[in-house]
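Analysis of the macromolecular model
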Amino acid sequence: MQTHDPRNDPTGVIAEATSRIEPALIAIRRDLHAHPELGFEEHRTAGVVARELTRLGIPHRTGIGRTGVVGLIEGDRPGPCLAIRADMDALPIAEQSGLPFASTVPGLMHACGHDIHTTTLLGVAAVLRDLAPRLAGTVKLVFQPAEEGLGGMQAMLDDGLLNDPPIDRALGFHNHPEMPVGRFGFVRGAALAASDRFEITVHGKSGHAAYPHTTIDPIVAAANLVMQLQTVVSRETPPLRPAVVTVGAIAGGTTHNIIPDSVLIKGTVRTLHAEVRDLAEQAIRRLAAGMAEGMRTRCDTVYRRGTPPLMNDDRVLDPTVASVRAQLGDVVAEGEPSLGGEDFALLAARVPGFQLRIGSGAPGRADKLHNSAYQPDEACIALGVQALARAAVDALE
Ligand code: NI
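Residues numbered from 1 in each chain as written. Predicted model: local features only at pLDDT ≥ 70, side-chain atom pairs only at ≥ 80, totals over all residues. Heavy atoms only, no water.

Section: the nonpolar core
One broad rule of soluble globular proteins: the nonpolar side chains tend to lie buried together. Counting residues in hydrophobic clusters, the biggest one holds 54 residues, and the most contacted among them are Leu53, Ile84, Val139, Leu141, Phe143 and Leu356. For this core, the leading source of residues is helix H9 (residues 379-396), giving 10 residues. If we ignore the near neighbours within four places in the chain, the residues touching leucine 141 are Leu53, Ile58, Val69, Val70, Gly71, Ile73, Ile84, Leu121 and Ala125. (Core = buried A, V, L, I, M, F, W, Y, C linked by side-chain atoms within 4.5 Å. Buried < 20%, exposed > 50% of the residue type's maximum accessible area, 1.4 Å probe, protein only. Helix = DSSP H or I, 4+ residues; strand = E, 2+ residues; numbered from the N terminus. Contact = heavy atoms within 4.5 Å.)

See below:
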C-alpha cells in the first residue's frame, strides 16, 4: 500500500542522492582504475572500500575470502536479507586506453570494469544508508575478490558469507559495453555458462620417425582425438541447448625426426544446462578412452568442473526489472545468454539470485570487455546506483 502513496515514492530521493555523489564516485572509480590489483591481491582496493564504508558509518568486515569486504545496512524494522555483490579484481592486460587515469601498474588493467562495479556498490551503500529508516530487513554489501577464475566467491562462501545474517536473495550486476549506456538487460533462466576444463595426456611410445611401426605415435592419436572432440557438440548434445568444446592448446614433440612419448591436449567446455554439462563430460571421457584403445595409446583424462551456470531466478529478476523501470523508465530489455562464466553463479546456486546487465557502451565506441583499450561510459555508475538502490528499497520496503 505504501508504494502507492506518492509521498513515499523513492524515485526523486534516489535520483537526487545519486546525482549529489556522482562526482565523488567518478573520482573513486578513476583512482581504482589507476591502481588495478589481481585476484586475492586487492589490498589497496579493499582499503578504499573500507575507508568509504567507515566514512559512511556502515559497519563492515574485511578479510572475508582473503581480500573481500562485507558491509551491512540494517533497516529500522526486521525483514529479509538482500545481498548485492560487486567484484573488485583486475586483469593481467597492459592498458592501451591512453586515458589520464590509465593504469599505473605495468601489465595490469581494469579491463572488465570491476572498478566500475566496486564504485557502483559504494554509491548504492551511500544512497541506501540514508534510506535505511524506511527499510524492513538488511542489505549485505558484498565486495568480492578474485572473480577472474581464481575462486573469490568460493573463498567468501567458505568464510561464511551466507551467514550473519543469512542471505535470502542475491543481486549481481555487470557492465555491458555491447549495450549503450542508459540501457539495462536481463536474461531469464540460464544466463551464463558452466565453465569446465579438461587436460588429456596421450601416452605413446617414442622412437625414430623413419620406423613408425616400432613406435606408438601419440601425435597422430592426439590429432584424431581433437577431430573426434568436434563431434561432441555437432552429434551428441541437443542442438537447441548451447555448448562449446574448444581445444585451446596441444603440445608434444620436439623435432621433425622423432616420434615423441606423449602429447598434451587442453580445452574448455561451456554449457548452460546441467544435463548437457554431464553429457559433454561423458562424451569427452568416452572418446578419449575409445581413441586410446583404437590407437594403442593410453590416455590420462583430467576433467575439472569450474563455476556452474548462472541461473537467474524470476523471484529476483521480475521485481528487479520492475524497479529499474520504476526508477529510470522503459530502459530494460531481455537479452540472450552468453557462454562466458561468472562465479556469482555459486551464490545464485545457494539462494535465489539475478544478475542485472548495465549498459556501459560510450557513444561512438564499440568496446569489448577484456580489451586493452576498454573505456566504459562512466555515466553507467550513477545509473547503476539508481537501479540497484531502487531494487533494494522495493525489495525491503
Ligand atoms: Ni567481469
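There's plenty left to go through after this.
What about the domain arrangement of the protein?
The domain architecture assigned to the protein consists of domain 1 (6-192 + 309-396) and domain 2 (194-304). Using C-alpha coordinates to define each centre, domain 1 is positioned 39 Å away from domain 2. At the interface, 10 residues of domain 1 touch nine residues of domain 2. In total, about 630 Å² of surface goes out of reach between domain 1 and domain 2, with carbon and sulfur atoms giving 72% of it. The three residues of domain 1 that bury the most area against domain 2 are Ala190, Pro309 and Leu339, which together make up 76% of that side's buried surface. Applying the counting rule to domain 1 against domain 2 returns zero salt bridges. Linking domain 1 with domain 2 are one residue pair in polar contact (both at pLDDT 80 or more), by the criterion used here. At three residues, the largest contribution of residues to the side of domain 1 that touches domain 2 is made by strand S7 (residues 189-192). Split into classes, the residues belonging to the side of domain 1 that touches domain 2 amount to seven nonpolar, three polar and no charged. (Domains from an automatic or database assignment. Buried area = accessible area lost by both parts, 1.4 Å probe. Salt bridge = Lys/Arg side-chain N within 4 Å of Asp/Glu carboxyl O. Polar contact = N/O pair within 3.5 Å; in protein donor to acceptor, adjacent residues only side chain to side chain. Nonpolar A, V, L, I, M, F, W, Y, C, P; charged D, E, K, R; others polar.)

With respect to the coordination of the nickel ion
For the nickel ion, the full set of protein donor atoms is Cys112 (SG), His114 (NE2) and His174 (NE2), at a range of 2.1 to 2.3 Å. Along the chain, the residues donating to the nickel ion fall in the pattern C-x1-H-x59-H. Of this pair, histidine 114 sits in helix H3 (residues 114-131) while histidine 174 sits in strand S5 (residues 169-180), and the two are 60 residues apart along the sequence. The same class applies to histidine 114 as to histidine 174, namely buried. (Donors = N, O, S within 2.8 Å, 3.2 Å for Na, K, Ca; no water.)

A word on the sheet that holds strand S8 (residues 194-203)
Taken together, the four strands give an open sheet; going across it, the order is S10-S12-S8-S13, and neighbouring strands pair in antiparallel fashion. Two strands bound the open sheet, and with one partner strand each, they are strand S10 (243-251) and strand S13 (298-304). Across the sheet, the axes of successive neighbouring strands diverge by a mean angle of 20 degrees, strand direction being ignored. Relative to S13, S8 runs antiparallel, the two sharing seven bridges. (Pairing = 2+ DSSP bridges. Axes fitted to C-alpha atoms, helices over the stretch in contact; angles between N-to-C directions.)

Observations regarding the pairing of S5
With nine of 12 residues buried, S5 lies mostly within the body of the structure. Bridge count for strand S3 (residues 77-87) against S5 is four bridges, and the pairing is parallel. Paired with arginine 85 across the bridge in S5 is glycine 172. Pairing of S5 with strand S16 (residues 353-361) involves eight bridges; the strand directions are parallel. In the sheet register, histidine 176 faces S16, and the bridge partner there is glycine 359.

Overview of the side chain of threonine 118
With respect to the element layout, threonine 118 can be found in helix H3. Owing to a relative accessible area of 0%, threonine 118 belongs among the buried residues under this scheme. Side-chain polar atoms of threonine 118 contact the backbone oxygen of histidine 114, separated by 2.9 Å. Setting aside chain neighbours within four positions, we find threonine 118 in contact with Leu32, Thr45, Val49, Ala86, Asp87, Met88 and Phe143.

Section: the environment of glycine 65
As for its placement among the helices and strands, glycine 65 is situated in the loop between strand S1 (60-64) and strand S2 (68-74). Sequence separation of glycine 65 and alanine 155 is 90 residues, and the distance between their C-alpha atoms is 4.3 Å. Contact partners of glycine 65, with chain neighbours within four places excluded, come to Phe40, Pro145, Ala155, Met156 and Asp159.

Thoughts on the packing of aromatic side chains
Summed over all chains, the structure comprises one aromatic pair. Taking the centre distance of 6.4 Å and the plane angle of 20 degrees together, the rings of phenylalanine 198 and tyrosine 303 count as stacked. With phenylalanine 198 in strand S8 and tyrosine 303 in strand S13, this residue pair connects regions lying 105 residues apart in the sequence. A residue is classified by how much of its surface remains accessible, and tyrosine 303, at 9% relative accessible area, is buried. Stacked on the ring of phenylalanine 40, the Lys or Arg arginine 66 has its end atom at 4.0 Å from the ring centre. (Phe/Tyr/Trp six-rings, centres within 6.5 Å; stacked < 30°, edge-to-face > 60°. Lys NZ or Arg CZ within 6 Å of the ring centre and 35° of its normal.)

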